[in-house]
Amino acid sequence: MWVFHKTDGGRGFPSPTLRPAERTIFHARVEPSMGPHTIHWHGMEPDPRNDGVGHTSFEIDDHYTYQWQPEPGRAHDPNYGAAGTYFYHCHVNTPLHAQMGLLGPLVIDPIVLPEFPVSPGNRRAFADGPEYDIATESLIMPYSIDPRWHELGHAAGLSGEDVGLNRFEPTHFYITGGLLAERKEREEEVWAPKQLPINVKGNGKAPSLMRFLDGNYLPNSVTFLNEDGTPARIAELIAHDGRPFRHTSAPGAPAIPTSMHPDPRAHLFTHRFCMGAAERYDLLLHPPTAGNYTLVIEWNNWITGQRVGRRELKLIAS
């Protein structure tokens, strides 16, 4: 595995969680230790020099400091605001380097608008979005490994030779991530949850926010189940790829987030969704009663649709 790591942190996987806020100027100094690398801020829109796409800007041999500024959100305006779930990865020999481990979560926190104050212990998903409980906010990154790829060198395939980067055949499957507030980056440690707490609807706390980032090259299906194995329709989708779902049926009217709309029919509830490589979803969880729920992630073959991997994670609602 190759990873990005901080000067004061261990080399863990996924690479460190980066969390700037809207309107702040963000800096990231990169000093590659082996071969040229870049950092591409996937989903953000900095200028080309700071976008980290090596073949359209430059690759870093010695060091470079990236700089960009997340755009602040505006109430009920879909054209502004960067708050949401993203990720960063190397954009040199991209498929191989991302599979080797050069990727990590990037979360942009919103500004606080006067008309949308925030309760103690909570944060809003975006400037005019719903509140969630900081203590039970989590990130889930499905990841799979093709061991053959991990025997390849830094520049494998870059000269036109066929090294098999069009064949991704994983044999190892993982649910990585966990509670964002509790992550500690330790040397050679994989950040992975054994179980996660979530808040019961109506228990006096804001809902739990779960951020999904697809960090592998196979399609994933994500399913929530009740303790008896039946579908649990507890997930409310509130954003996709860093962009909130908004109610835009009336041209020129305020674009109210679906999760904040007074009409319950506007809310996007489900027990199952699917995602592909680099996709992100943000969702609020609304379990009606205390107890155990199960998060099931399946990996499927691109061509046949056949399931090739399955992992489960216990969710404890209280």
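Basis of the calculations
- Residues numbered from 1 in each chain as written.
- Predicted model: local features only at pLDDT ≥ 70, side-chain atom pairs only at ≥ 80, totals over all residues.
- Heavy atoms only, no water.
- Helix = DSSP H or I, 4+ residues; strand = E, 2+ residues; numbered from the N terminus.
- Contact = heavy atoms within 4.5 Å.
- Polar contact = N/O pair within 3.5 Å; in protein donor to acceptor, adjacent residues only side chain to side chain.
- Salt bridge = Lys/Arg side-chain N within 4 Å of Asp/Glu carboxyl O.
- Buried < 20%, exposed > 50% of the residue type's maximum accessible area, 1.4 Å probe, protein only.
- Pairing = 2+ DSSP bridges.
- Axes fitted to C-alpha atoms, helices over the stretch in contact; angles between N-to-C directions.

**Concerning the environment of His37**
Here His37 shows up in the loop between strand 1 (26-30) and strand 2 (40-42). Apart from residues lying up to four places away in sequence, His37 is in contact with Trp2, Pro32, Glu59, Ile60, Cys90, Val92, His97, Leu102 and His154. At 3.4 Å, the side chain of His37 and the side chain of His97 are in polar contact.

**Here we look at the pattern of salt bridges**
By the definition in use, this model includes 16 salt bridges. Close ionic contact of Asp128 with Arg246 constitutes a salt bridge, the shortest N to O distance being 2.9 Å. Here the residue Asp128 occupies a position in the loop between strand 6 (122-124) and strand 7 (131-133), and Arg246 occupies one in strand 15 (residues 246-247), the gap between them amounting to 118 residues. Each member of the pair, Asp128 together with Arg246, is buried. With its nearest N and O atoms 3.3 Å apart, the salt bridge here joins Arg186 to Glu189.

**Thoughts on the pairing of strand 21 (residues 307-317)**
A regular strand places its side chains on the two faces of the sheet in alternate fashion. Taken together, the four bridges between strand 10 (residues 195-198) and strand 21 define a ladder with parallel strand orientation. From the neighbouring strand, Leu196 faces strand 21, where its bridge partner is Leu315.

**Quick word on the environment of Phe26**
Tracing the backbone shows Phe26 in strand 1. A C-alpha to C-alpha distance of 24 Å links Phe26 and Met141, two positions 115 residues apart in sequence. The residues contacting Phe26, other than those within four sequence positions of it, are Leu18, Pro20, Trp41, Tyr66, Gln67 and Trp68.

**Observations concerning the sheet that holds strand 10**
Sheet strands associate in pairs through backbone hydrogen bonding, adopting either a parallel or an antiparallel arrangement. Overall, mixed pairing links the five strands, which are arranged 10-21-20-12-18 in an open sheet. The strands lining the two open edges of the sheet, one partner per strand, are strand 10 and strand 18 (272-275). With direction set aside, neighbouring strand axes in the sheet form an average angle of 25°. Bridge analysis of strand 20 (residues 291-300) against strand 21 gives ten bridges, and the strand direction is antiparallel. Paired with Asn300 across the strands is Arg307, a residue of strand 21.

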